[in-house]
Amino acid sequence: MAPTITALQYYGPKDVRLEQVPSRSCRPDEVRVQIAYCGICGSDIHEYLGGPIFSPPAGEKNPWTGERLPITLGHEMSGTIVEVGPSVSDPKLKIGARVAVNPAWNDRHHGVDPCTACSLGMPNICKRYASYGLSAAGGGLASEIVVKHFACIPLPDSVSLKVGALMEPLAVAWHCIRISGFKEGQTALILGAGPIGLAILMLLRVWGAKRVVISELTASRKQMAKDLGASLVVDPTESVTPKNGIDPVVEATQAAVQADGVDVAFDCTGLQTTLDTVLAAVRPGGTIFNVAIHEKPLVLNLNDVTLTEKRLTGGICYTDIDFRGLIQALESGDVPAESLITSVAKLEDVIEKGLLELIRNKAAHVKILIQPNQVRLAKL
Ligand SMILES: [Zn+2]
């Protein structure tokens, strides 16, 4: 009988099944990774509740990878290499090596000529973008995955497999900071202390931020932002008394940085109110950086950008450059990444204690990790 693995299969909205599926063969340029940990992401929840968004529509195949539903979910993974394809020559990728996986697919993975984005060094916005765990074969919410060898990021001894599974969301935050042009000694405002907002807060310290203000409603996340060293945590519904119609977050931010606004503001929430806030909270010539994915268009008066020479930009995902920078930061030991983990559950509990727990009890969590291959403790 062909070997099988356990995998969380996505069939469509509110239809996920933990099943035994055939184990894929390891091609010459691939490695097989036994999954140690896999995080659950907001996009997994969006797929579950209202998808397919990134996954192929029912009855269709992804045009670049040829994959169809069901798709194995999970794209925030770490693990140990258990098989190496014969053409893989990287000495760091040997059996037993601990790795994180960059799940993003671009033209290098497809083996075709690079598109404009790829040739400009922006494979994260490749026209043929796909991802393990959403639109390419295999995912991290499974006992193992077979991936291209160049998708693996070897983990230094000082970086745990748990932190390895956080590298994907941390790389999103690293990319946003890098692309925003943020410089040492500058100030920042972050709207929303969800996983990415908190990751940006944590990593801005590595980038030498002078002061970071964060705006958040949820009590537990406000506390976490304080614990992570935010200069000021503002609650947009209370905070200071609005005067003269000034946005209380803007007022508190300006007071905290003792300037006419911050150098860079990251909008991780994506509402009309948060766009209005970041536009007003950035100093003249500063940068408004959109992190959030929007469900509908917002109203923007471009005079707010033109008359103040503020820059309005955004970014998504990450490239290998971000993973390399991030791993150096993690190796330094100055990033308390594990503090983002609010729960660890077994693969057999992934639906109840993973997906559904994040939906029902969102305020209690930042990052839930799933541990598909638990170390079997010897019976006492
Ligand atoms: Zn491309």
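The following paragraphs examine the structure supplied in this document. The structure presented is a predicted model; accordingly, all values stated were derived computationally and were not measured. (Residues numbered from 1 in each chain as written. Predicted model: local features only at pLDDT ≥ 70, side-chain atom pairs only at ≥ 80, totals over all residues. Heavy atoms only, no water.)

## Some words on the overall build of the protein
Part 1 of the reasoning: Within the protein, the secondary structure is distributed over eleven helices and 18 strands.
Part 2 of the reasoning: What you see for the protein is a C-alpha radius of gyration of 21 Å, in line with the 21 Å of a compact globule of 380 residues.
Part 3 of the reasoning: By principal-axis analysis of the C-alpha atoms, the protein measures approximately 75 × 55 × 40 Å.
Part 4 of the reasoning: Expressed as a percentage of the 380 residues in the protein, the buried residues total 52%. (Helix = DSSP H or I, 4+ residues; strand = E, 2+ residues; numbered from the N terminus. Rg over C-alpha atoms; globule rule 2.2 N^0.38 Å. Buried < 20%, exposed > 50% of the residue type's maximum accessible area, 1.4 Å probe, protein only.)

## Description of the coordination of the zinc ion
Part 1 of the reasoning: Ligation of the zinc ion by protein atoms is provided by Asp107 (OD), Cys115 (SG), Cys118 (SG) and Cys126 (SG), these donors lying 2.1 to 2.4 Å from the ion.
Part 2 of the reasoning: Around the zinc ion, the four donor atoms sit at angles spanning 100 to 123°, and that spread fits a shape best called tetrahedral.
Part 3 of the reasoning: Donor residues binding the zinc ion come from one chain and are separated in sequence as D-x7-C-x2-C-x7-C. (Donors = N, O, S within 2.8 Å, 3.2 Å for Na, K, Ca; no water. Tetrahedral: all angles 85-135°; square planar, octahedral: opposite > 155°, others 65-115°.)

## Some words on the pattern of salt bridges
Part 1 of the reasoning: Counted under the stated rule, the structure contains 13 salt bridges.
Part 2 of the reasoning: Linking Asp15 and Arg17 is a salt bridge whose minimum nitrogen-to-oxygen distance equals 2.9 Å.
Part 3 of the reasoning: On the basis of relative accessible area, Asp15 is assigned to the partly exposed category, the value being 26%.
Part 4 of the reasoning: Take Arg17: its relative accessible area is 35%, and that puts it in the partly exposed class.
Part 5 of the reasoning: For Lys367, the salt bridge identified is with Glu76, shortest N-O distance 3.0 Å. Here Glu76 lies in strand β5 (residues 76-84) and Lys367 lies in strand β18 (residues 367-371), a separation of 291 residues in the sequence.
Part 6 of the reasoning: One connected set of salt bridges, linked through shared partners, spans Arg24, Arg27 and Glu30. (Salt bridge = Lys/Arg side-chain N within 4 Å of Asp/Glu carboxyl O.)

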